[in-house]
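Chain by chain, the residues:
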Amino acid sequence: MSTTAQRRALENYRSRLSERGLARFEVTGRDADRGLIRTLARRLAEDGPDAARIRTAVQHAIAGETPGKGGILRALRRSPLVGADLDLARPREHGRKVDL
């Protein structure tokens, strides 16, 4: 049994976590995966664009879904070159004459 000071400290810690939108929980897994799970949890807790990408990838992997059509198009639209005025025209060459 913990003392009242320990109990109060634990309650304060859990309330600070919940204010940040986080929760502490325990999972059971292989000892070899301990570092992976901790790193994954830490990256997901950051809640940035990288965390959203990881979250989506893990959800798709667990659900067994394959990405739908248009994945390449979506990736190209996210490219930093979108909207850049690039001249992609190339001179047309007809090749060279070869004596067979």
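Below is a summary of the structure that appears in this document. (Residues numbered from 1 in each chain as written. Predicted model: local features only at pLDDT ≥ 70, side-chain atom pairs only at ≥ 80, totals over all residues. Heavy atoms only, no water.)

### Structural notes on the environment of Val82
Heads up, the rule is: Helix and strand labels come from DSSP, where a helix needs a run of H or I of at least four residues and a strand needs a run of E of at least two; each type is numbered from the N terminus. Contacts: residue pairs with any heavy atoms within 4.5 Å of one another.
Among the secondary structure elements, Val82 is positioned in the segment after α4 (71-77). In this structure, the C-alpha to C-alpha distance between Val82 and Leu17, residues 65 residues apart in sequence, is 40 Å. When sequence neighbours within four positions are dropped, the list of residues in contact with Val82 reads Leu76 and Arg77.

### Regarding the pattern of salt bridges
Where charged atoms from two side chains of opposite charge approach closely, those side chains can pair. Spelled out, the test is: Salt bridges, as used here, are contacts in which a Lys or Arg side-chain nitrogen is within 4 Å of a carboxyl oxygen on Asp or Glu. The classification of residues rests on relative accessible area computed with a 1.4 Å probe and restricted to protein chains. Under 20% of the type maximum is buried, over 50% is exposed, and intermediate values are partly exposed.
For the coordinates displayed, the defined rule picks out 4 salt bridges. Close ionic contact of Asp31 with Arg34 constitutes a salt bridge, the shortest N to O distance being 2.7 Å. On the basis of relative accessibility, which here comes to 57%, the residue Asp31 falls in the exposed class. A salt bridge links Arg53 to Asp50, with the shortest nitrogen-to-oxygen separation between them at 2.6 Å. Placement of both Arg53 and Asp50 in helix α3 (residues 49-63) is noted, with a separation of 3 residues, approximately one turn of the helix. Accessibility expressed as a relative area gives 27% for Asp50, which makes it partly exposed. Within the structure, one salt-bridge network assembled from shared partners comprises Arg43, Asp50 and Arg53.

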